[in-house]
Amino acid sequence: MDATATQSRDQNDAPPSANSGKSVPASQAMKTIEHVSPMRWASGSSTDKIKITKISHMRYRHPAGNIDSIVTFLLDFGMEVVKRTDTAIWFGGYGIDQYVYYCEIGDDKKFLGGTWEVESWEDLQRAETLGNTKIVELKDSPGGGHIVTVHDPEGFPVNFIYGATPRPAPIKQPAEALQVNDEFSKPRKGAFQRFEPGPAAVHKLGHFGLTIHDFESQFKWYTSHFNLVPSDILYVPDENGNKRDVAAFLHVDLGKAYTDHHSFFFSVAKEKHVHHSSYEVHDYDSQNMGHYWLKEKGYKPVWGLGRHKLGSQIFDYWWDPNGFMVEHYIDGDLVNEDTPAGRQPAGDESLAVWSEPVPSTFLD
Ligand SMILES: [Fe+2]
């Protein structure tokens, strides 16, 4: 064995503790973590805010010149083509959303923003007043509806949709969970695990994120206009030792109803750009089979698999052929209005419980 590859341990050292994992209530998990007061995002009472009900879909433009490679990639990533015209393609998952990814076919590649579903026509009209463009009817889109695009303080497009008809039911019924035998509990008796290789079928859009420059102006805009609330905030110490917030993971505040730990995040970085969008898949086996499917096809991995600390998801990040990052995730945390918002130091260790070391391309 290569002596440099292992860390020697003195015979008198205590043996390492075995790893462990368990699900604990949020209040317990966050016992030693600073809690953020709701005053941090309380500008405007909640009734004044434009009410988002969920994240709906992502919008990107891809160049016509290599559109076939994007289609092939997204099919290998586990989406389906729901509709295609000369100028656009709608990609769906198997959940109730008609589509999770809108691809405009154009001259260049461009991030066209995430899309939030709002509760009412009035909410959509109020969103319209935040920008300079008008509400547009989505005549070609599966499910229809109306959309408006505004821009956040850093110029990122942000879309709002209302009136789109969802599918009456998911197009794939919930798969029965695998029976898993552990060392003590062996419910699977006389039955075998059998799998079919293929892409990890996408269920829904889970979240997306941006790298930004001005944390405070972005935080204020998103949390004062909309019911977006931080689940976690990360800070770095400034030159005076004060805590300067640099990243936030935000969920859609639905009161007592539980919602994904984050549907959106932003993080201060050198370059401003969309960081990634993330899509939920079924379970750990389907995620892994999807990983090896993409690997076999020769696509470029970014980072994964691993398990995030904030939000707990098991992640797997990939580059699409045009350099946009997309993620498969499973097993995310759910939060509601009773879940405390946490604040802790930014650092690589806040990114993953287990994984390969985070690559620099992920942090750019
Ligand atoms: Fe993510």
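Residues numbered from 1 in each chain as written. Predicted model: local features only at pLDDT ≥ 70, side-chain atom pairs only at ≥ 80, totals over all residues.

The name given to the protein chain in an unreviewed UniProt entry is VOC domain-containing protein, and the organism recorded there is Orbilia ellipsospora.

Caption draft 1: How the structure looks around the confidence of the model for the protein chain. Across the protein chain, the average pLDDT comes to 94, with 96% of residues at or above 70. Low pLDDT (under 50) marks residues 1-5, which in the prediction has one contact with non-local residues, meaning those over four places away or in another chain. (pLDDT = per-residue confidence, 0-100. Contact = placed C-beta atoms within 7 Å.)

Caption draft 2: Expanded view of helix H4 (residues 215-225). Inspection of H4 places Phe219, Tyr222, Thr223 and His225 among the buried residues, and these make up the whole buried set. Where H4 is buried, its residues meet strand E11 (228-237) and strand E12 (243-252). (Buried ≥ 20, exposed ≤ 12 C-beta atoms within 10 Å, placed from the backbone. Helix = DSSP H or I, 4+ residues; strand = E, 2+ residues; numbered from the N terminus.)

Caption draft 3: The arrangement of the sheet that holds strand E9 (residues 157-162) in detail. Strand order in the open sheet made by the eight strands is E3-E4-E5-E2-E6-E9-E8-E7, with mixed pairing throughout. Every other strand in the sheet has two partners, leaving strand E3 (80-84) and strand E7 (136-137) as the edge strands with one partner each. On the sheet, helix H2 (residues 67-76) packs against strand E2 (52-63), E3, strand E4 (88-92) and strand E5 (101-106) and is oriented at approximately 170 degrees with respect to E5. (Pairing = 2+ DSSP bridges. Axes fitted to C-alpha atoms, helices over the stretch in contact; angles between N-to-C directions.)

Caption draft 4: Representation of the sheet that holds strand E17 (residues 314-319) within the structure. The sheet built from 11 strands is open, its strands ordered E1-E20-E11-E12-E14-E10-E15-E18-E17-E16-E21 with mixed pairing. Strands at the two margins of the open sheet, each flanked by one partner only, are strand E1 (34-35) and strand E21 (352-354). In this structure, strand E16 (residues 301-308) lies alongside E21, joined through two bridges in antiparallel fashion. Across the sheet, residue His308 finds its bridge partner in E21, namely Ala352. Against the sheet, H4 makes contact with strand E10 (204-212), E11, E12 and strand E14 (264-268), and its axis sits at roughly 25 degrees relative to E12, the strand it touches most.

Caption draft 5: Region of the structure containing helix H5 (residues 284-296). If you check H5, its first and last C-alpha atoms are 18 Å apart, about what 13 residues at 1.5 Å a residue would give, namely 18 Å. Taken together, the buried positions of H5 are occupied by Ser286, Gln287, Gly290 and Leu294. Down the axis, H5 shows its buried residues gathered within 100 degrees of arc, on one side only. Facing away from the buried side of H5, by more than 90 degrees, are the exposed residues Tyr292, Lys295 and Glu296. Of the surrounding secondary structure, the elements contacted by the buried residues of H5 are H2, E16, E17 and strand E18 (325-330). The positive-phi residue at the C-terminal boundary of H5 is Gly298, with phi of around 90 degrees. (Expected span 1.5 Å × (residues − 1). Arc of directions from axis to C-beta.)

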